[in-house]
Every structure is written in C-alpha cells, then in structure tokens.
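Structural overview
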Amino acid sequence: MTEATASFPKSPSRSEVGGSAADTKQVTAKEPWLSELYRAHSDELRAYLTRQFGNGPPDPDDMVQQAFQKLLERGDHKSIKNLRAFLWRTARNLTLNSKRNNQNRSQYDFEIEHLYFANKGNGSSPARVLEVKEQLRIISETLINMPEKRRTAFVLHRIDGLTVSAIARRYGNTHAAIIKHIARAASDIDGALEAYASERET
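What comes next is a walk through the structure. All residue numbers here refer to positions counted from 1 along the written sequence of the relevant chain. In keeping with the predicted nature of the model, local features appear solely for residues at pLDDT of at least 70, side-chain atom pairs appear and are counted solely at 80 or more, and the whole-chain, interface and lining totals rest on all residues. Side-chain measures were taken over the full set of non-hydrogen atoms in the model, leaving aside hydrogen atoms and water.

What to know about the overall build of the protein
For helices the rule is a DSSP run of H or I covering at least 4 residues; for strands it is a run of E covering at least 2, with both sets numbered from the N terminus onward. Counting secondary structure elements, the protein contains 10 helices and 0 strands. From first element to last, N terminus to C terminus, the protein shows the α and β order α-α-α-α-α-α-α-α-α-α. Note on exposure labels: buried denotes an accessible area under 20% of the residue type's maximum, exposed denotes more than 50%, and partly exposed covers the range between, all computed with a 1.4 Å probe on protein chains only. Counting over 202 residues, the protein shows a buried share of 36%. We call two residues in contact whenever any of their non-hydrogen atoms come within 4.5 Å of each other. For the protein, contacts bridging at least 24 residues in sequence account for 72% of all contacts bridging at least 6.

Laid out in structure tokens, this is it:
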C-alpha cells in the first residue's frame, strides 16, 4: 500500500459547486426571469443562511449560487408555484447536506492519518508535511467519491475495527461481498495515490 496522508477535503469552492458570482451573472444575463429573481431574493436568502447557519462553512454565498443553479437546472420553473419557497428550501437543504458531509469528513481525519501515516514521525520536513496533507486530501476525496457500500465496508473494517463477519451480518451481505468491497476500496485509494505520485514525477 502506498504511503500517504490526507484530511478530508474542505468545503468545495465556488468554482466546484456551481460557479462564482460572476458565473451566476453570466447565466442570469441569458435568463431574464432568473436575473430578476436573483436581484429580488439573493441578498435576503444569503442573510437568512448566515443568520441560521453562520458564515460557514459552507459559505452562504456558495449555497445561494447553488440554489439558483438547481432552479435553472430544473428547466421547468414555471411549474413551481412558489419560486421563493423553492429557493429557500433548496438552499437550506444544500447547507445541511454540506454540513453533514463536513462532519463525516472530519470524523475520521485522525484515524485515516494514522492508518496511512503511522510512521510519519514528528521530525518531518515542511515539504513532507505538505505532501502528506495532499495525500490525505486525495485519500479523503477517494473515499467520499466511491460507492457508499464500498466506503462503508472499508471504514468499518479498517478504521472502526469491525470484523468482516460482523459487517456482513450488520448489512445482510455475504462474507465474500464484504471482502470484495474492502479490497476494491483499498485498490481505489492505492490507485489514486499512485496517480498522484506519477504526476509529481512528471
């Protein structure tokens, strides 16, 4: 297994979650109805999210952008009886989901680091520390992006210490299926770390 370190990725940036405010302006310029809606409600919605959830993470402005993006992606906004209520509900759900994901990401930071970097030591150079952090980020992203059953089996076995039999009983799977999930998860992580190492060498 390739050595690596990683902390779960931070909240996605605006460019990752649906664009910056400038991107939104470009979109709304092409959709007059959306532009009008954005001018009417974006500041109020941002203030609501800040009041309810604080300044982040996630960034309230990011959640506002995503809510309008979700509305645009529906393509049938005229069928929505209350666009304001849709935006409020969407932004709130997006914020709650993001907070939940952040909690899941941070829950295993310590365990993941020690699983992959138990021998890191305290005398690591600044360059090595940065490399380990980047590797941890890659591991975390790989875990988050893999199928849920695969990730769950890996985390329960390699981090929480449950036996394969216990996991199989808990989820009603066969022993062989759980072993396959764990092996695939480990392979995914190793592959991501190997790709990172190859990029550094080029």
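Having seen it, we continue.
What to know about the side chain of Arg150
Relative to the elements of secondary structure, Arg150 occurs in helix α8 (residues 148-159). Among all residues touching Arg150, those that are not within four sequence positions of it are His181, Arg184, Ala185 and Asp188.

Regarding the nonpolar core
Side-chain atoms within 4.5 Å link the members of a nonpolar core, which is a set of buried Ala, Val, Leu, Ile, Met, Phe, Trp, Tyr and Cys residues. Residues Ile112, Tyr116, Ile139, Leu143, Phe154, Ile178 and Ile189 are the most contacted members of the largest nonpolar core, which totals 23 residues. Elements with a minimum of two residues in this core: α6 (109-116), α7 (126-145), α8, α9 (164-171) and α10 (175-201). Looking at this core element by element, the count peaks at 7 residues for α10. One finds Leu45, Leu49, Ala67 and Phe68 within the second-largest nonpolar core, a separate group that totals 17 residues.

What about the environment of Leu94?
If you trace the backbone, Leu94 turns up in helix α5 (residues 83-107). Through-space distance from the C-alpha of Leu94 to that of Pro58 is 9.2 Å; in sequence the pair is 36 residues apart. Ignoring any residue separated from it by four or fewer positions in sequence, one finds Leu94 in contact with Met63, Gln66, Ala67 and Lys70.

Describing the packing of aromatic side chains
Two aromatic rings, drawn from Phe, Tyr or Trp (for Trp, its six-membered ring), form a pair once their centres lie within 6.5 Å of each other, and the interplanar angle then sorts them: stacked below 30 degrees, edge-to-face above 60, tilted otherwise. By the definition in use, this model includes 2 aromatic pairs. On the basis of an interplanar angle of 65° and a centroid distance of 5.0 Å, the ring pair of Tyr38 and Phe68 is categorised as edge-to-face. With Tyr38 in helix α3 (residues 32-53) and Phe68 in helix α4 (residues 60-74), this residue pair connects regions lying 30 residues apart in the sequence. Across this residue pair, the class does not change: Tyr38 and Phe68 are buried. Judged by centre distance (6.3 Å) and plane angle (40°), the rings of Tyr48 and Trp88 are tilted. In this pair, Tyr48 is assigned in helix α3 and Trp88 in helix α5, connecting sequence segments 40 residues apart. Across the pair, Trp88 and Tyr48 agree in class, each one buried.

Regarding the pattern of salt bridges
Salt bridge, as used here: a side-chain nitrogen of Lys or Arg that lies within 4 Å of a carboxyl oxygen of Asp or Glu. Considering all chains together, one arrives at 7 salt bridges under this definition. Between Asp76 and Arg74 there is a salt bridge, with its nearest N and O atoms 3.3 Å apart. Residue classification places Arg74 among the partly exposed residues on the basis of a relative accessible area of 41%. The salt bridge partner of Asp188 is Arg150, with a shortest N-O separation of 2.7 Å.

Remarks on the packing of α9 against α10
Packing of α9 against α10 brings their axes to within 9 Å, and their N-to-C directions diverge by 110°. Our classification of the angle between α9 and α10 gives roughly perpendicular. Judged by residue contacts, Val164, Ser165, Ile167 and Ala168 of α9 engage His175, Ile178, Ile179 and Ile182 from α10. Residue type decides the class: Asp, Glu, Lys and Arg count as charged, Ala, Val, Leu, Ile, Met, Phe, Trp, Tyr, Cys and Pro as nonpolar, and the leftover types, Gly among them, as polar. Here the contact of α9 with α10 is built from residues that sort into 6 nonpolar, 2 polar and no charged. Note on definitions: angles span 0 to 180 degrees between N-to-C directions of axes, and those axes are lines fitted to C-alpha atoms, for helices only across the stretch in contact. Should an angle fall under 35 degrees it is taken as roughly parallel, and over 145 as roughly antiparallel, whereas 65 to 115 is taken as roughly perpendicular and any remaining angle as oblique.

Just geometry here; none of it tells us what the structure is for.
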